[in-house]
Every structure is written in C-alpha cells, then in structure tokens.
Amino acid sequence: MDMIEQNYVGCDISKQWLDFFDEASSRHQRIDNRADAIAAYVAGLHPGRDFVVMEATGVHDRLLRHALAKAGVAFSRHNPVHTHHYVKSMRRRAKTDRLDARMLSGYGRRYRPAAEPAPREEGERLQSLASHRDHLVEMRAELKKHRHEAFEETVVADLEDMIAAFDTRIAALESRIATVIAQAEDMARDHALMVSVPGVSKITALCLLAQMPELGQRSPKSIAALAGLAPFDDKSGKLIRRSRIHGGRSRVRRALYMAALGAIRACRRFTDFYTALAARAGSKKLAIIAVARKLIVVLNAVIRDKKAFA
C-alpha cells in the first residue's frame, strides 16, 4: 500500500483572522478567526494527508486546534523563537502574514514535526483557572507591598479591605480548582501522586497539572529541558564557562524552585543531595536548582509509573 505524501499547511494566527498557505496547491487563504469560518475551512482538509503547522499564540489558536482535532487533521505548534531562526536561515527580511504562513509550511516540510495530541477541555479549563489564580496572587502581593509602605489610616484601612477581598476571591477560586481536579479521575490521581513527593504542595501540583501536561510522557532530559532546568554547556575554544540553564517554562521553574526548598527541609534524600552538591560546587543556588531538576525527574517517573513517591 502506497504511503500518502504529507501536505504541510502553514497557518499564521492573529486575534482577528487566520492566514493559511497550502503547500500542495501553493494557495493562500485568509479567514476570520471564528468558529464557523474555521469549521468551513477545516472541512476542506484531508485527514491523514494534510498537516497544519502554526506558531504557539496563546488563546488565539484555541478554536483552530479544537476544530482540527474534531476533524482528525494533524497539527503542531512551535515556539516563535525557533521559527524566526528558520526565517533568518532563509535570509528573508520581509514580514507579512502571507509570508509567515508560507514560511510555516516550509518549516513543517523541513523538520517534519510530530503531531500534537488533541486538546482536552478539562486540561484547558484547569490551565485557565490556574492562570487566573496566579494573576490574583500577583495583584494581592502588590497590594501587600503598598500596605507595608502606607501610613495614612484611611489608605491602610482601604488596602486591608482590598487584601481581604482578594483573600476571599483566591480561596473561592482554589475551591473551584479543587472541584475541577476531583471531577477528572486522571487529574485527581496525578495530583495525589505529585503531592506524595516531598516539597510538592497542592499549589505546585496544580501548576504542574496545568502547565506541564507532558509529565510522564517524556525522557528525564526532555522533561527537565521543558521546565528550563536542563544545564547547557558553554564552551568555545579554550574558554570553558559553567553550564547554565535557560529557556523553558518560567512558571513551572519558579514552582519547582520553591518545591526544592521544601524538599531539602523535608526529606533526607534531598537534603544530602543538596548538601553534597553545594559543597562541591561552592554555590547554594546552583544546588537548589539541581534539586529542582531532580524533583521534576522524580515527578516524571511518578506519573509515568503511576506509583507514589517512596
């Protein structure tokens, strides 16, 4: 049986519209970024042959991803930094939505990416709720900062009322999040497995559920890199610098850094690891980052094997 030749369709995404470039027909098409227009376009694609390549654009690609998944059409999203490097390698200077769509089609042909899994409604709901909670916590922290600096009684009283209101809103949101997790059997199981690991709080587990759906599905090195905790060498000629971490998901990295502090206090295994590395490297911060990296690898194994931390 002959294999079907993959056809890469590049899609440049904005809030208002989507620009498509079909490699097979060399055709460009612009449609509104609305459910009805997207459904009509996707109906003309061929599952098994067409593969849509797009840049990760936050919420603006959500309707397209769901329509593609429903139609059985493969797709993948890519970090704009990577695709922009590809553009530079082509020595292209002009930038338009049409050209970006064509570029993404070529990017797919060049790198032949793996298809992403279909989006899950409960996962996206959790991510939205978790992100909103983070925003509320940041706003409360800013109010608390102003409270420490205030001295006028009226201002102090007003700030304290606002902080109390945020406390109530955050508590209510966390209760809602707990309900969403409990209603999804796999989420509830994974959440329970995560909090079995020393230093991993319910909020850290929530962050990982929302921001790191790849847990349990990647290699240790790959999952550490996704979290921005994998060290990269920095060598050139005779110049050898200390390996550094960079990139990855900053929210996940922050959560794991705080979890590492807790793990060092709570578990002898992590305490000994931290103490030995801090003494050898001469840097407590480097040792904490190493513990955070060890934590994400342990969490990856816990979710993969469906066994609580021992």
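As a reminder, the structure under discussion sits directly above these lines.
Rules behind the numbers
Residues numbered from 1 in each chain as written. Predicted model: local features only at pLDDT ≥ 70, side-chain atom pairs only at ≥ 80, totals over all residues. Heavy atoms only, no water. Helix = DSSP H or I, 4+ residues; strand = E, 2+ residues; numbered from the N terminus. Expected span 1.5 Å × (residues − 1). Buried < 20%, exposed > 50% of the residue type's maximum accessible area, 1.4 Å probe, protein only. Contact = heavy atoms within 4.5 Å. Core = buried A, V, L, I, M, F, W, Y, C linked by side-chain atoms within 4.5 Å. Pairing = 2+ DSSP bridges. Axes fitted to C-alpha atoms, helices over the stretch in contact; angles between N-to-C directions. Salt bridge = Lys/Arg side-chain N within 4 Å of Asp/Glu carboxyl O. Parallel < 35°, antiparallel > 145°, perpendicular 65-115°, else oblique. Nonpolar A, V, L, I, M, F, W, Y, C, P; charged D, E, K, R; others polar.

1. A word on helix H6 (residues 153-183)
At step 1: With 31 residues, H6 ought to run about 45 Å at 1.5 Å a step, and its terminal C-alpha atoms sit 45 Å apart, in line with that.
At step 2: Among all positions in H6, only Val156, Leu159, Ile163, Phe166, Ile170, Leu173, Ile177, Val180 and Ile181 are buried.
At step 3: Elements in contact with the buried residues of H6: helix H5 (121-149), helix H7 (185-195) and helix H8 (202-211).

2. Considering the nonpolar core
At step 1: Ranked by size, the top nonpolar core spans 58 residues in total, and within it Met194, Leu208, Leu215, Leu256 and Ile296 carry the most contacts.
At step 2: Put simply, the parts of the chain that give this core at least two residues each are H5, H6, H7, H8, helix H9 (220-226), helix H10 (250-266), helix H11 (268-281) and helix H12 (284-305).

3. Details of the sheet that holds strand E1 (residues 7-13)
At step 1: The strand order across the open sheet formed by five strands is E3-E2-E1-E4-E5, and the pairing between neighbours is mixed. Edge positions in the sheet fall to strand E3 (27-32) and strand E5 (74-78), since each of these pairs with one other strand and no more. Shown here is a sheet whose adjacent strand axes are inclined to one another by a mean of 25°, direction ignored.
At step 2: Inspection of the sheet shows strand E2 (residues 17-22) paired to E3 by six bridges, in the antiparallel sense. Directly across from Trp17, in E3, lies its bridge partner Asp32.
At step 3: The strands that helix H1 (residues 35-42) touches are E1, E2 and E3; relative to E3, the one it contacts most, it runs at about 150°.

4. Quick look at H10
At step 1: For H10, spanning 17 residues, the distance from its first C-alpha to its last is 24 Å, which sits close to the expected 24 Å at 1.5 Å a residue.
At step 2: Taken together, the buried residues of H10 touch H8, H11 and H12.

5. Side note on the pattern of salt bridges
At step 1: As enumerated under the stated definition, the model contains 24 salt bridges in all.
At step 2: When the shortest N-O distance is used, the salt bridge between Glu23 and Arg109 registers 2.8 Å. With Glu23 in the loop between E2 and E3 and Arg109 in helix H4 (residues 97-111), this residue pair connects regions lying 86 residues apart in the sequence.
At step 3: For Arg109, a relative accessible area of 22% puts it in the partly exposed group.
At step 4: Among the salt bridges present, the one from Asp32 reaches Arg34, with a minimum N-O distance of 2.8 Å.
At step 5: A cluster of three or more residues bridged by salt bridges with shared partners is formed by Asp61, Arg62, Arg65, Arg77, Glu116, Glu121 and Glu124.

6. Looking at the packing of H10 against H12
At step 1: Here H10 crosses H12 at 95°, and the two axes come no closer than 8 Å. Taken together, the axis directions place H10 and H12 in an arrangement best described as roughly perpendicular. In this structure, H10 uses Leu256, Tyr257, Ala259, Ala260, Leu261, Ala263 and Ile264 to contact H12, whose residues at the interface are Lys285, Ile288, Ile289, Val291, Ala292, Leu295, Ile296 and Leu299.
At step 2: Within the contact of H10 with H12, the residues separate by chemical class into 14 nonpolar, no polar and one charged.

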